[in-house]
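# Chains, contacts and geometry: an overview
Read off the chains here:
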Amino acid sequence: MIDLEKHRIEATKIIIEAAQILKEDRELGQYISYKKDKSPVTLLDKKLATFIREALFAIFPSTGFIGEEHDAVNQESDYQWICDPIDGTRSFIEGKKTVAISLALFFKKIPMIGFINNPITNELFIGSKAGVFYNDVKIEAKPIRSLANVSINHQMLHQSDFLKKLKDAERKKQIKK
């Protein structure tokens, strides 16, 4: 078994350094190519993916790594890092704030630690069995009984009516009761 706390601490340092690279090398986001699925990828995506993968392997060489910008490495390992170096590449290209560096550690396909770092807004979320942390402060959500009373604040939700449909379905269930 690995030391999850060490993985959390070291990966936090790496993801913070990756955020700094994103800020400093932002102009590399202007160099765009397209993947087979026609989604954009920038030179900065590739640079960050390489940095994160190499930094993790320098500390945790026996883990695997699956990312959008490179072939998977050490796929036979029970521990796999999953990375999207610029989650929201289109938003990044358009200069929007809805961008994140996403990283997670899985053990036998079960998530152990997750990181979401928005370098534009300087927000870092870390989630694990130890709890959820926002910029190093533990946060807690109130328990909910129904999605009908949930509100989610995210800039991208207005583009999809998925949440509205979900809430409407939940309300209809309550009315039938």
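Computed from a prediction, not measured in an experiment: that's the story for all the values here.

## Regarding the overall build of the protein chain
For the protein chain, the helix and strand inventory stands at 4 helices and 9 strands. Secondary structure elements of the protein chain, listed N to C terminal, follow the sequence α-β-β-α-β-β-α-β-β-β-β-β-α. Looking at the protein chain residue by residue over its 177 residues, the buried ones come to 37%. Across the protein chain, contacts joining residues at least 24 apart in sequence account for 40% of those joining residues at least 6 apart. Roughly 11500 Å² of accessible area belongs to the protein chain as shown, and the carbon and sulfur atoms make up 55% of that amount.

## So, helix 2 (residues 43-59)
In a regular helix each residue adds 1.5 Å, so 17 residues correspond to 24 Å; helix 2 covers 25 Å between its end C-alpha atoms and thus fits that length. Listing the buried residues of helix 2 in full gives L44, D45, L48, A49, F51, I52, R53, A55, L56 and F57. Tucked inside the fold, the buried residues of helix 2 contact helix 1 (4-24), strand 2 (40-42), strand 3 (64-67), strand 4 (79-87), helix 3 (89-93) and strand 5 (100-107).

## Comments concerning unusual backbone geometry
With phi around 55°, N122 is a residue other than glycine that occupies positive phi space. The backbone of D136 sits at a positive phi, close to 70°, despite the residue not being glycine. On the secondary structure map, D136 appears in the loop between strand 8 (131-134) and strand 9 (137-139).

## Examining the pairing of strand 5
Most of strand 5 is tucked away: 6 of the 8 residues are buried. Bridge count between strand 4 and strand 5: 7 bridges; the pairing is antiparallel. Looking across to strand 5, one finds that D84 is bridged to S102. Taken together, the 7 bridges between strand 5 and strand 6 (residues 110-118) define a ladder with antiparallel strand orientation. Looking at strand 6, one finds that L105 is bridged to I113. Where strand 5 hands over to strand 6, the hairpin turn is made up of 2 residues, of which K108 adopts a positive phi near 50°.

The rules behind each value
Residues numbered from 1 in each chain as written. Predicted model: local features only at pLDDT ≥ 70, side-chain atom pairs only at ≥ 80, totals over all residues. Heavy atoms only, no water. Helix = DSSP H or I, 4+ residues; strand = E, 2+ residues; numbered from the N terminus. Buried < 20%, exposed > 50% of the residue type's maximum accessible area, 1.4 Å probe, protein only. Contact = heavy atoms within 4.5 Å. Areas by Shrake-Rupley, 256 points an atom, 1.4 Å probe, with all protein chains shown as cover. Expected span 1.5 Å × (residues − 1). Pairing = 2+ DSSP bridges.

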